[in-house]
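Below are the chains, spelled out letter by letter.
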Amino acid sequence: MARRVSIFGSTGSIGVSTIDLIARDPDAYHVVALTGGHNVAKLAEQAKTLRAEIAVTAHEENLPALRDALAGSGIEAAAGEAAIEEAARRPADWVMSAIVGAAGLPPGLAALESGACLALANKESLVTAGPLILATAQKHGSRILPVDSEHSAVFQALVGEDLAAVERVVITASGGAFRDWPIEDLPNATLAQASSHPNWDMGQRITIDSASMFNKALELIETREFFGVDPKIIEVIVHPQSLVHALVGFNDGALMAHVGPPDMRHAIGYALHWPERRKLPVDRLDLARAGTFEFRAPCDDRYPALRLARDVMDQHGMSGAIFNAAKEAALDGFIDHRIGFMRMAEVVEEVLTDLSGDAGLINAAFTLDNVRAADQMARRRAVEIIGGA
Ligand code: NAD
Ligand code: MG
């Protein structure tokens, strides 16, 4: 029987790579729901090609255009946040969570509540609400599989191993677009410069987050939440080639590395076929041609986001949601040319400092409402700070 799959954020970079894999074996899959944002033409095209049951755009104003584009196809059209969440409640066996940002959390939770296996590219779900998403999976007997390349790599290195024997978890970072720039030039980095990644082809927001290392900061927190390891044993190492995705060190001194070309279809395919391994259309690494693997310690002055992530892990509670929301607002500020590149980390730090004294807020129970409240408070504060900048 065909597997029922849904893809949240199907029009984005991860969504398109997921479809690339599914479309190679159309009879094996029945596509339930696809969702996107403003690119209605692409969403409709995907839905028609894959014969999805329903296509949902995040924005109400796009509904007429989506309806027009799907006219006569028999595919349902819907719009808005609630419609996305509803689509996530439709029975499915495997759901890709590839919306960017905190907006990915509600549909992910809904999919877990419906018993689907959730392939989690949306790292913000674990950063903002790790305990909530893990408890939801446990309560409904649903599984979460990591899709972020580093976390997929760690997950694969742990197959058959005992977590108690793990001594260190090392996630690699390319260092982003500005890894070799003089630090004093970073405040003048432009949007175009920050939007181009040396190794990976990704959405614009995560590409800028890679340049600022906010992406790795989120991934530190993601590692701690997903694998439940002590933050002290998680290391970040700059590896400009992006060929080693992560390493796991065991108590006998062995360090197991996951190595491969930077192609997200590996991690997506692993999550799609787990627990089996199946042939995937990714390049095989020619080690002699790859030549050298370099590693360097990340410099704190260049990447303040990493230090902030360590503070967030120490504080835990709602500080992950605050950190992520402040980061999203600061990133909006950079994309809209309201603040400079290095100002993003300053804004996030100010928001964290302002809100971290509120014990009631930080220690609130992990419910979706509390996470949303912390998120909104942090966004408001970030916007005030940016406005006054
Ligand atoms: P992208 O910007 O290319 O695509 C994002 C998708 O989310 C699009 O379909 C867009 O329409 C949709 N979207 C955006 N805002 C939305 C909203 N408010 N509500 C509903 N839908 C919305 O992003 P991407 O690079 O594919 O990344 C998706 C997620 O996967 C992110 O969380 C990112 O951190 C993570 N991730 C991406 C990569 C990668 O290689 N691209 C690697 C690891 C993890
Ligand atoms: Mg990653």
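Scoring rules and cut-offs
- Residues numbered from 1 in each chain as written.
- Chains lettered and ligands numbered in written order.
- Predicted model: local features only at pLDDT ≥ 70, side-chain atom pairs only at ≥ 80, totals over all residues.
- Heavy atoms only, no water.
- Pairing = 2+ DSSP bridges.
- Helix = DSSP H or I, 4+ residues; strand = E, 2+ residues; numbered from the N terminus.
- Axes fitted to C-alpha atoms, helices over the stretch in contact; angles between N-to-C directions.
- Contact = heavy atoms within 4.5 Å.
- Near = heavy atom within 4 Å.
- Polar contact = N/O pair within 3.5 Å; in protein donor to acceptor, adjacent residues only side chain to side chain.
- Areas by Shrake-Rupley, 256 points an atom, 1.4 Å probe, with all protein chains shown as cover.
- Nonpolar A, V, L, I, M, F, W, Y, C, P; charged D, E, K, R; others polar.
- Domains from an automatic or database assignment.
- Buried area = accessible area lost by both parts, 1.4 Å probe.
- Salt bridge = Lys/Arg side-chain N within 4 Å of Asp/Glu carboxyl O.
- Patch = residues over 30% accessible without salt bridge, like charges linked within 9 Å, V, L, I, M, F, W, Y side chains within 5 Å.
- Lys, Arg positive; Asp, Glu negative; His and termini not counted.
- Charge placed at Lys NZ, Arg CZ, Asp CG, Glu CD.
- Buried < 20%, exposed > 50% of the residue type's maximum accessible area, 1.4 Å probe, protein only.
- Donors = N, O, S within 2.8 Å, 3.2 Å for Na, K, Ca; no water.
- Right-handed = clockwise from strand over helix to strand, strands pointing away.

Chemist: Would you mind showing me how to read the sheet that holds strand 8 (residues 166–173) here?
Modeler: In any sheet, the strands associate via hydrogen bonds between backbone groups, in a parallel or an antiparallel arrangement. On the basis of which strands lie adjacent, the open sheet formed by four strands has the order 9-8-10-11 and mixed pairing. Looking at the sheet topology across the chains shown, the edges are occupied by strand 9 (234–238) and strand 11 (255–259). Within this sheet the neighbouring strands show an average axis-to-axis angle of 20 degrees, counted without direction. In this sheet, strand 10 (residues 244–250) lies alongside strand 8 in antiparallel orientation, the contact comprising five bridges. Directly across from Val-169, in strand 10, lies its bridge partner Val-248. Sheet strands touched by helix 7 (residues 149–157): strand 8, strand 10 and strand 11. Its angle to strand 10, the strand with the most contacts, is close to 40 degrees. Strands in contact with helix 10 (residues 214–227) are strand 8 and strand 9; relative to strand 8, the strand with the most contacts, it is inclined by about 155 degrees.

Chemist: In this structure, what is going on with the site of ligand 1? I would like to understand it.
Modeler: Of all residues adjacent to ligand 1, which total 23 residues, the nearest are Thr-11, Ser-13, Ile-14, Gly-37 and Glu-124. Gly-12 places a polar main-chain atom, nitrogen or oxygen, 3.2 Å from an oxygen atom of ligand 1. In this structure, Gly-203 approaches ligand 1 through a main-chain N or O atom, which is 2.9 Å from an oxygen atom. Considered on its own, ligand 1 offers 820 Å² of accessible surface; in the complex 84% of this is hidden by protein. Of all the secondary-structure elements, those providing two or more residues to the shell around ligand 1 are helix 1 (13–22) and helix 6 (123–140). In the shell around ligand 1, the residues fall into eleven nonpolar, nine polar and three charged.

Chemist: Sorry, what's going on with the domain arrangement of the protein here?
Modeler: Note on interface size: it is often stated as the accessible area lost on association of the parts. When cut into domains, the protein gives domain 1 (3–146), domain 2 (151–290) and domain 3 (316–387). If you average the C-alpha positions of domain 1 and of domain 3, the two centres end up 26 Å apart. In this complex, domain 1 contributes 13 residues to the contact, which on the side of domain 3 involves twelve residues. Between domain 1 and domain 3 lies a buried interface of about 890 Å² when both sides are counted; carbon and sulfur atoms form 67% of it. Broken down residue by residue, the surface that domain 1 buries against domain 3 is led by Thr-128, Pro-131 and Leu-132, which jointly contribute 44%. There are zero salt bridges connecting domain 1 and domain 3. Put simply, domain 1 and domain 3 have one residue pair in polar contact (both at pLDDT 80 or more) between them. Elements with a contribution of two residues or more to the side of domain 1 that touches domain 3: helix 4 (81–89), helix 5 (105–113) and helix 6.

Chemist: When you look at the pairing of strand 11 in this model, what are you seeing that I'm missing?
Modeler: A regular strand places its side chains so that they alternate between the two faces of the sheet. Bridge count between strand 10 and strand 11: five bridges; the pairing is antiparallel. Paired with Gly-249 across the two strands is Leu-255, which belongs to strand 11. Hairpin connection of strand 10 to strand 11: four residues between the antiparallel strands, including Gly-253 at a positive phi of 95 degrees.

Chemist: Explain a negative patch on the surface here, please?
Modeler: Where like charges cluster on the molecular surface, the negative patch consists of Glu-161, Asp-162, Glu-167 and Asp-252. Summarising the element assignment, Glu-161 is placed in the loop between helix 7 and strand 8. Exposure remark for Glu-161: the relative accessible area of 40% places this residue in the partly exposed category.

Chemist: Can you walk me through the coordination of the magnesium ion (ligand 2) in this structure?
Modeler: Perfect tetrahedral coordination of a metal by four donors corresponds to 109.5 degrees between them, and perfect octahedral coordination by six donors corresponds to 90 or 180 degrees. Looking at the magnesium ion (ligand 2), one finds its protein donor set to be Asp-148 (OD), Glu-150 (OE) and Glu-219 (OE), positioned 2.1 to 2.2 Å from the metal centre. Read in sequence order, the donor residues for the magnesium ion (ligand 2) give the motif D-x1-E-x68-E. Neither Asp-148 nor Glu-150 differs from the other in exposure class; each is buried.

Chemist: Could you clarify how one ought to interpret the side chain of Glu-222 in this entry?
Modeler: Note that Glu-222 resides in helix 10. Buried charged residue Glu-222 carries no salt bridge. Nearest counter-charge: Lys-123, at 4.8 Å. Once residues lying within four places of it in the same chain are set aside, the contact partners of Glu-222 are Lys-123, Leu-126, Val-127, Asp-148 and His-151.

Chemist: Mind showing me how you'd approach the pairing of strand 6 (residues 117–120) here?
Modeler: Judged by which residues are buried, strand 6 turns out to be covered on both faces: Cys-117 and Ala-119 on one side and Leu-118 and Leu-120 on the other are all buried. Here strand 5 (residues 94–97) pairs with strand 6 via four bridges, running parallel. Bridge pairing in strand 6 places Val-95 opposite Leu-118. Each parallel crossover has a hand, and the one from strand 5 via helix 5 to strand 6 is right-handed. Bridge count for strand 6 against strand 7 (residues 144–146) is three bridges, and the pairing is parallel. Bridge pairing in strand 7 places Ala-119 opposite Leu-145.

Chemist: I keep staring at the environment of Val-100 and nothing clicks. Help me out?
Modeler: Relative to the elements of secondary structure, Val-100 occurs in the loop between strand 5 and helix 5. For the pair formed by Val-100 and Gly-228, sequence separation is 128 residues and the distance between their alpha carbons is 23 Å. Setting aside residues no more than four positions away along its own chain, Val-100 makes contact with Asn-122, Glu-124 and Arg-205.

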